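So you can see what is in the structure, the chains are spelled out below.
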Amino acid sequence: MKHYRFAALIASTSFVFFWAFWILNFRTSHYDLWQVAILILSIYGNITWFVGIHTDSAEGLQTSYLAELELEGEHQYMQKILPVILC
């Protein structure tokens, strides 16, 4: 999971940074290093929180699936959850 987390952090942070820098470039005529540094830190903080939520929940699902597979032994005896259809 740590490779997924690292790749998601780098890809998401760079995508959002280039998008925000593009907007900053069109909205202001002058920007300096402090604005870019604050932009990078705020983007990295927000992306870290959202990526952390998703990777932790995915790791929990994977752990519970593998634990149930270890206890049951085969896929055919594992409990299946019916899909929920929202109308």
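Here, every reference points to the structure presented above.
The structure reproduced in this document is the subject of the present report.

The rules behind each value
- Think of each chain on its own: its residues are numbered from 1, step by step along the sequence as written.
- For this predicted model, a pLDDT threshold of at least 70 governs which residues receive local features, and a threshold of 80 or more governs which side-chain atom pairs are given and counted, while totals over whole chains, interfaces and linings are taken from all residues.
- To obtain the side-chain values, all non-hydrogen atoms of the structure were included, while hydrogens and water were left out.
- For the purposes of this entry, the term helix denotes a DSSP run of H or I that reaches at least four residues, the term strand denotes a run of E that reaches at least two, and both are numbered from the N terminus.
- Exposed residues in this analysis have more than 50% of their type's maximum accessible area, buried residues have under 20%, and partly exposed residues fall in between, with area computed by a 1.4 Å probe over protein chains only.
- Here, residues are in contact when the closest pair of their heavy atoms is within 4.5 Å.
- Surface accessibility in these figures is a Shrake-Rupley result with a 1.4 Å probe; residues are shielded only by whichever protein chains are displayed.
- Nonpolar side chains (Val, Leu, Ile, Met, Phe, Trp, Tyr) within 5 Å and like charges within 9 Å form the patches, drawn only from residues with over 30% relative accessible area and no salt bridge.
- Take a side-chain nitrogen of Lys or Arg and a carboxyl oxygen of Asp or Glu: if they are within 4 Å of each other, that pair is a salt bridge.
- Between the rings of Phe, Tyr and Trp (Trp by its six-membered ring), a pair exists once the centres lie within 6.5 Å; its type follows the angle of the planes, with under 30 degrees stacked, over 60 edge-to-face, and the other angles tilted.
- Residue types Ala, Val, Leu, Ile, Met, Phe, Trp, Tyr and Cys, when buried and joined through side-chain atoms within 4.5 Å, form a set referred to as a nonpolar core.
- Expected helix span is taken as 1.5 Å per residue step, with the number of steps being one fewer than the number of residues.

**Details of the overall build of the chain**
Point 1. In terms of regular secondary structure, the chain is built from two helices and zero strands.
Point 2. Split into buried and exposed, the 87 residues of the chain put 16% on the buried side.
Point 3. For the chain, long-range pairs separated by at least 24 residues make up 55% of all intrachain contacts whose partners lie at least 6 apart in sequence.
Point 4. A total accessible area of about 7700 Å² is found for the chain, and carbon and sulfur atoms account for 69% of it.

**Focus on a nonpolar patch on the surface**
Point 1. There is a patch of nonpolar side chains on the surface, built from Trp-19, Trp-22, Ile-23 and Phe-26 and spanning about 500 Å² of accessible area.
Point 2. Structurally, Phe-26 can be placed in helix α1 (residues 2-27).

**Let's talk about the packing of aromatic side chains**
Point 1. Going through the model one piece at a time under the given rule, you end up with four aromatic pairs.
Point 2. Look at Trp-49 and Phe-50: their rings are 4.9 Å apart centre to centre, the planes differ by 70°, and that puts the pair in the edge-to-face class.
Point 3. For Phe-50, a relative accessible area of 45% translates into the label partly exposed.
Point 4. Aromatic ring contacts, followed pair by pair, group Phe-17, Phe-18 and Phe-21 into a single cluster.

**Focus: the environment of Ser-14**
Point 1. The topology assignment puts Ser-14 in helix α1.
Point 2. Note on Ser-14: relative accessible area 28%, which makes it partly exposed.
Point 3. When the C-alpha atoms of Ser-14 and Ile-40 are compared, they prove to be 9.0 Å apart, with 26 residues separating the residues in sequence.

**Examining the nonpolar core**
Point 1. Listed in full, the nine residues of the largest apolar core are Ala-8, Leu-9, Phe-17, Ala-20, Val-36, Leu-39, Ile-43, Ile-47 and Val-51.
Point 2. Of all the secondary structure elements, the ones that give two or more residues to this core are α1 and α2 (33-72).
Point 3. Filtering out sequence-adjacent residues up to four positions away, Phe-17 remains in contact with Val-36, Leu-39, Ile-40 and Ile-43.

**A short note on the side chain of Thr-13**
Point 1. Checked against the element boundaries, Thr-13 lands in helix α1.
Point 2. Ignoring sequence-local partners within four residues, the contact set of Thr-13 consists of Ala-8, Ile-43, Tyr-44 and Ile-47.

**A word on α2**
Point 1. With 40 residues, α2 should cover 58 Å at 1.5 Å per step; its first-to-last C-alpha distance of 57 Å lies within 8% of that length.
Point 2. Listed as buried for α2 are Val-36, Leu-39, Ile-43, Ile-47, Val-51, Gly-52 and Thr-55.

Any link to function would need more than the numbers given here.
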